Structure formats: structure tokens, C-alpha cells
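# Coordinates in review
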Amino acid sequence: MLIKRARADDIRSSEITSETVFHQRRKMIKAMGLGAVALGTPVIGGATSGERQFYSTQAPLSGPVWLQNKLKTVTPGQYSTQESATPFEYVSTYNNFYEFGTGKTDPADNSRNFVTDPWKVEVAGEAELTGTYNLEDIVKPHMLEERVYRLRCVEAWSMVVPWVGFPLADLLKRFEPNSNAKYVRFETLHDPEQMPAQGSRFAAIDYPYIEGLRIDEAMNELAFLAVGVYGNAMPNQNGAPIRLVVPWKYGFKSIKSIVKIEFTKRRPKTTWEISNSREYGFYANVNPAVHHPRWRQDTERRLPQTLFSRSRIATQPFNGYGEQVASMYEGMDLSRYYLSLIHI
Ligand code: MTE
């Protein structure tokens, strides 16, 4: 990312305050005997699966009515980490969404009026079924589940986010991709009236934002389409109404506010490699052994970070998801693919 190096002292005092509030709230919850219920909130619909309760929100359910109804049926999904989730206050105020500005709080500040309903998603390219669909038709056939994933940004900060959504593979299969479908290309909304940076002459990157996955990566069980966090609809700044989450790759692969999904024969050119192919590659798997020119990748700042805790932890290959994904890259030199633009 081209923004200045994010340092500990870049965390704004308002964020530190909200962290204090978070801990006060936790203490209160403990005192009230509510134990480990996340963020002091009830579990959705009172549902639990096995031992694990899952994350919910204190706010009333938001989003269109059909989504609110579906959100009441969320169940805990597979592959969730047991690490503590980053408080919602951080997840929703420390963001990268360049369409709304390059500062970490710009997306929350500038996306308040972003209209995400109605929303359409076009499915195109190498598949039997293609067309433009209302978001409801995209989401409705799928059971919503919660996946608590680590999110590792190439800027060397990380969070743990309880996403709500469904496996990308389940959606892709519905459109019956054909044998030419070697890659999947994703596109973010282009609407300069709503997304101020898209209309700026000084835009940091080209728009619309484009991302892509190889078809086997897209079909991997971890690749996830999220429509919410913390049991509620996706906040605008996090990529409402629907975004990708690929937890073994650097965060920039997890494209927000998707309006188009296309099956392609050729590897799509993606936003950050178009912007700077020496720094950003297509695969961009989290790799502590290959440093970005501006950010070392062997450690990361796990948010929330406070004045008293720097929370620096070791970065894991594939962000700790190697068991599920490493076999897809056997025989590939990932350092090379990470750093350079290579067509295969
Ligand atoms: N998607 C779009 N359309 N525009 C962006 O600027 N930023 C990416 C990714 N998806 C981005 C995007 C980057 S760099 C990161 S780290 C993650 O979103 C951040 O997601 P979060 O703000 O929900 O933490």
C-alpha cells in the first residue's frame, strides 16, 4: 500500500479510548456473571454449537429485511480460530478501503451514506449460467455461518475477525463453470459519486478495484464470501454488502463491495500489481520469509494495540492456514510469485 508506514504511535487516541471502554465493558460483563459472551452480547438466537458460542452484536440487526432474517440463522462454521476476536470498534474503524480515502479512519468517516441496497452482482465468463442477479438471489440459497479468521495486511498489522457469510465455492458451483474457467476475477463497484477517491485526479490506484484467484484457490474451503461481521450486516467501511475473505493471503486480496464475478481463461490483472508489480504479486500468500520493500513480514502488530501492549507476534506461513492451502502451491517458488508479475 502506498500509505506511510503504520506505526504504533499512529493509533489514534480515540481508538485507545474505545479499547478502554471495551475492557470496562468486559469487566462489567464478568461482574454480571455473563462469562465469555463476546463483546457483552447475547449469542444469535440463543444458538450454540458444541462448546463454542459465537460473536454477535449489541446493535439491532441492520441491512435489508431478508438479510436480517438470515442473520438470525447464523451458525458457527468450521476453521474458526480460538484466538480472541479484535473488538468491533477496531474492525470497523481501522480500515483499508481506498475508494473512501487512504487514511485508516477515512472509510468509516466517508462511507456513511454509501447505498448498498438494492445491490446487483453480475456473474460472467466461462460458465453455463451467467447473468445479473439481485444480492438476495446470490445469498439466499446459502446457509450463513460464522468464521473467525485471522486477517493479515501486508502493512504488517493483523486482526481476528468474526465474519458472517458462506463458502465462495458453494456460490461458484451454482453457475457451473466450464473447463476454460481457470481463474475468477472480482470487481468492486465503480461509482465516483459515492466513492469520492474514484473521482479524484490524485487517486492512489486505478478503479474499479480488481482482484482474482486461481480457480482451485477460489474453490478452496477457506475462501469465503462475507455479508457481515460480529453477527450483523457488513458495515460499509468493511465492504458492504458482500466481500471476499481469503485468510491465507495478504488482506488486499480480500476485495470489498463486489459487483462482478467473472470466470476467465487468463489470469486477471489485479489492482495492486497494476499499480506496482515490483511490490505486489498475484498470489500474495502470507509469507514471513519474503519482505515487502517497506514492511518486514516476519512479525505483525496484532490489533488492538495499546500504549501498554505492543502485541507484536510472529507471522505464520499462509497466515497459519497452511494445512488447508499449502498443497495448492507445491512446486511453485512463492517468493518469486509474490514479488513479480508472472503469467502462467
Ligand atoms: N477492497 C477495495 N475495493 N478497496 C480497497 O482499498 N483494501 C484491501 C482489502 N479490500 C481494499 C479492498 C486491503 S489493503 C485490506 S488490508 C483489506 O481490504 C482490509 O479490510 P478491512 O478494512 O475490513 O480490515
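Our structure is the block above this text.
To keep things clear, this report deals only with the structure shown in the data block.

Scoring rules and cut-offs
- Residues numbered from 1 in each chain as written.
- Predicted model: local features only at pLDDT ≥ 70, side-chain atom pairs only at ≥ 80, totals over all residues.
- Heavy atoms only, no water.
- Helix = DSSP H or I, 4+ residues; strand = E, 2+ residues; numbered from the N terminus.
- Near = heavy atom within 4 Å.
- Polar contact = N/O pair within 3.5 Å; in protein donor to acceptor, adjacent residues only side chain to side chain.
- Areas by Shrake-Rupley, 256 points an atom, 1.4 Å probe, with all protein chains shown as cover.
- Nonpolar A, V, L, I, M, F, W, Y, C, P; charged D, E, K, R; others polar.

### Considering the environment of Leu-71
With respect to the helices and strands, Leu-71 occurs in helix 2 (residues 65-71). Between the C-alpha atom of Leu-71 and that of Val-164, which follows or precedes it by 93 residues, the distance is 8.3 Å.

### Here's the deal with unusual backbone geometry
In the segment running from Asp-117 into Pro-118, the intervening peptide bond is cis, with an omega of 5°. Here Pro-118 is to be found in the loop between helix 4 (106-110) and strand 2 (120-125). Following Ala-240, the chain continues into Pro-241 via a peptide bond in cis, with omega recorded as -5°. Within the secondary structure, Pro-241 sits in the loop between strand 9 (232-233) and strand 10 (243-245). Phi at Ala-156 takes a positive value of approximately 75°, unusual for a residue other than glycine. Mapped onto the elements of the fold, Ala-156 is located in the loop between strand 4 (145-152) and strand 5 (157-167). One non-glycine residue, Glu-176, lies in positive phi territory at about 50°.

### A few points about the site of the ligand
Taken together, 17 residues are adjacent to the ligand, and Asn-95, Tyr-98, Glu-99, Arg-243 and Lys-256 come closest. For the ligand, an oxygen atom lies 2.9 Å from a polar atom in the side chain of Asn-95. Against a free-state accessible area of 530 Å², the protein chains account for coverage of 99% of the ligand. A breakdown of the residues in the shell around the ligand according to their chemical character gives eight nonpolar, six polar and three charged.

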